[in-house]
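Chain residues, written in single-letter form:
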Amino acid sequence: MTRIGLVVHNIHDEFSIELIKGADLFCSKNSCQLFILPVNAKNISAYGYEYRYQASMDFINSSNFDGLIFSGGSLSSFVTLDEYKEILDKIKSVPIVNITTDVKGYPYVTSDSQSAFKKIITHLITVHNCKKFILIKANDYSSDSVDRENLFYQVLKEHKIDFNPSNVLNGDFNRQKAVKVLDEYINKNGLDADAIVCLNDTMAVGVCELLSKKNIKIPQDIIVTGFDDKEQARYLNTNLTTVNQNIQQQAYKAAEVLMNIIQGKKVNHKNIIKGKEKIRCSCGCLPPSEIKTESINANGKKIRFNQKQLSYFMRELPQRFISQFYAIHYFLSDTREVSAFQEFLDNLPKHLERANIDAISICVYEKPVLHRPEEDFVIPNKVKRIVKFEKQYKNALNYEEVYFNPHEQILPKNTFFKNYQKLVVIPLFEKNYQYGYFVASIEADNYLFYEILCEFFAKEFTNALKINIFHEKNQELETAYTSLEQNALQLSYLSQTDELTQIMNRRGFLNNIAEVFSKNLSGMIIYCDMDGLKTINDTYGHEFGDKAIIAQSKILLNSCSAVDIVARFAGDEFVIAAINMDKEGFEKLKKSINNQCEYVNSNSNYKYKISISMGATSFGPGNYDLPILLAQADSELYKEKKLKKGK
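A few points on the structure.

1. Regarding the overall build of the protein chain
Turning to step 1, where the next piece is worked out: Assigned secondary structure in the protein chain consists of 19 helices and 25 strands.
Turning to step 2, where the next piece is worked out: Taken over 647 residues, the protein chain has a buried fraction of 54%.
Turning to step 3, where the next piece is worked out: Of the contacts made within the protein chain by residues no fewer than 6 positions apart, 71% connect residues no fewer than 24 positions apart.
Turning to step 4, where the next piece is worked out: Total accessible area on the protein chain is roughly 30900 Å²; 48% of this is exposed by carbon and sulfur atoms.

2. Here we look at unusual backbone geometry
If a residue is not glycine, its phi is most likely negative; likewise, a peptide bond is most likely trans.
Turning to step 1, where the next piece is worked out: Cis geometry marks the peptide bond from I218 to P219, where omega comes out at 5°.
Turning to step 2, where the next piece is worked out: The residue P219 is located in the loop between α7 (201-213) and β9 (223-225) in this model.
Turning to step 3, where the next piece is worked out: Its identity as a non-glycine residue notwithstanding, N520 has a phi of 55°, on the positive side.
Turning to step 4, where the next piece is worked out: With respect to the helices and strands, N520 occurs in the loop between α15 (506-518) and β22 (523-530).

3. Regarding helix α3 (residues 81-89)
Turning to step 1, where the next piece is worked out: Residues of α3 that are buried include every one of Y84, I87 and L88, and no others. For α3, the angular spread of the buried residues around the axis is 95°, confining them to a single face.
Turning to step 2, where the next piece is worked out: On the buried face of α3, the contacting elements are β3 (67-70), α2 (72-75) and β4 (96-99).

4. Description of the sheet that holds strand β6 (residues 133-137)
Turning to step 1, where the next piece is worked out: The strand order across the open sheet formed by 4 strands is β7-β6-β8-β9, and the pairing between neighbours is parallel. Edge strands, defined here as strands with exactly one partner in the open sheet, are β7 (168-170) and β9. If you compare each strand with its neighbour and ignore which way they point, the axes differ by 15° on average.
Turning to step 2, where the next piece is worked out: Across 4 bridges, the pairing between β6 and strand β8 (residues 195-198) is parallel. Considered in β8, the bridge of L135 is made with V197.
Turning to step 3, where the next piece is worked out: Where helix α4 (residues 114-126) meets the sheet, its contacts fall on β6, β8 and β9, and the angle it forms with β8 comes to roughly 175°.

5. Considering the pairing of strand β11 (residues 270-274)
Turning to step 1, where the next piece is worked out: Alternating residues of β11 divide into N271 and I273, all buried, and K270, I272 and K274, none buried.
Turning to step 2, where the next piece is worked out: Note that strand β5 (residues 108-112) and β11 share 5 bridges and pair parallel. Opposite T110, over in β11, you have I272 as the bridge partner.

6. Section: the sheet that holds strand β25 (residues 612-619)
Turning to step 1, where the next piece is worked out: If you trace the 5 strands from one edge of the open sheet to the other, you get β21-β23-β24-β22-β25, paired in mixed fashion. With one partner strand each, in any of the chains shown, β21 (504-505) and β25 form the two edges of the open sheet.
Turning to step 2, where the next piece is worked out: In this structure, β22 lies alongside strand β24 (residues 573-579), joined through 7 bridges in antiparallel fashion. Its bridge partner lying in β24, D529 is registered against E573.
Turning to step 3, where the next piece is worked out: Each of β21, β22, β23 (565-570), β24 and β25 touches α15; the most contacted strand, β23, lies at about 140° to it.
Turning to step 4, where the next piece is worked out: Most of the contacts of helix α19 (residues 626-646) go to β25, to which it runs at about 145°, and overall it touches β22, β23, β24 and β25.

Calculation criteria
Residues numbered from 1 in each chain as written. Predicted model: local features only at pLDDT ≥ 70, side-chain atom pairs only at ≥ 80, totals over all residues. Heavy atoms only, no water. Helix = DSSP H or I, 4+ residues; strand = E, 2+ residues; numbered from the N terminus. Buried < 20%, exposed > 50% of the residue type's maximum accessible area, 1.4 Å probe, protein only. Contact = heavy atoms within 4.5 Å. Areas by Shrake-Rupley, 256 points an atom, 1.4 Å probe, with all protein chains shown as cover. Arc of directions from axis to C-beta. Pairing = 2+ DSSP bridges. Axes fitted to C-alpha atoms, helices over the stretch in contact; angles between N-to-C directions.

So this is what it looks like as structure tokens:
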């Protein structure tokens, strides 16, 4: 079976969804297997965690895929064309076809949507007498955005309309960014314009929502147009005048071209799919009451929705949304508390069945791998498949562990009994660490639902796996402690004392907290971490970093009571077991520690400032599972650090 990889930005964006539908249609007709790889655009770190999806790029080689389709228009949006070519050149051993982006040496499929876009701008000028425009584009890395922008200027020039360059806003083809820049523009300049031209529908939908919140009516007060003809653009209350690029057909054609390359046939470098203008409500040509009309063509003729489309929109779609919301609801209900790893796996089948996921295979690395934003991720050569699930077979959940090399095969041979036509590959990560990945079969076409579910699933899985790692580490420490118990008292003391700070270490903490739990005491587990230790080490050297850690230990000891347990776990990570402390007491402790930090910073000769972040969780009778308590406190600590960075 021919294996085709579809590399997209994500699976919830409607541009990607249309690409998936087109490639899926070709694969179903030609007995191919489609692997969907949501990798996000290179250099996407500005949007937080998303860069970690780039890990899936390391799967791409001739062993795993016979050919690849790249969503060039979105994946090249944050890099130059030369940088994008470098990305493709690294994997050029696999046949590649691009969507929309023209890169030398790689065939591509694009839409001849220039004439349709020109017709829409001309329509705004000649029919609606628009003279004042706001243009919302992407950055200049995007060739799609640059081409459309130049066409826009060309039409205005042909009609001798002056355009103010300050009315060009960069929305990065992103809904939130477009809303932000337009809101700032309106607050500063007002809205003295006839039309807002958005160079994709994603931004246009966000613009429509913003204007609605500001009680600015479309099209009475201002016209809004988009580009792409995404499904959401068709079903807005004031549906969008836009350009249909026939995205599905582009993906189908790309798969067709790719198959020809795989079979050794000659192909054209450029392959064109015709685009169409869609005149609708947002320019005023179609009243919102015309719910049976899809659009108006160039001759002014109304194009009606067919009965199948109306039935889907009015009956099938609402019911599907209800079922999927329930699936998410039940999943969240079952995962409100952090579960142990095995418990999470045991509950997996019922959630997969509710979500209509037919099969899934989970693969993990031997230990978490650090993934920094500026680095390409390299998948380890040894990966362990820990569980697989196939709904239609008896004993659907299988815990058989299999080691394999993911550079030779994404999944071990014969993982699934059935050759599922469409599989999605999702990395498992937490913070800056990659834990592994899972491969799932998705048969329905609501990809936003599946991406949400996959993100929830990945989050809960990594939490459960992290707790499992805590259990294993603590088991190792307990075993080591048992053997040390037989040594002399001095060695016992040394084994529980941190060499640098001379306070209790992790082993000592474990020993003492066990006694606290045995007495059924209550209190709080507090995770403490110094802010900016890496900067201190890099700027002033590790000697000063050690001094900062010693100062941190003294501040914590001075702030805690005599019955509290204070220990250094590793580096600048300290853990406190505060006996009889509640949330109010924790806030007082934080204030005391912050005051002491300020005192040390004011009365020492340090060239740096000491600051400590903390996260806490309560323990008491019935709640003495230390690995879970540590994981919860660590999670609260992460939230505080994230909050500080956001200020």
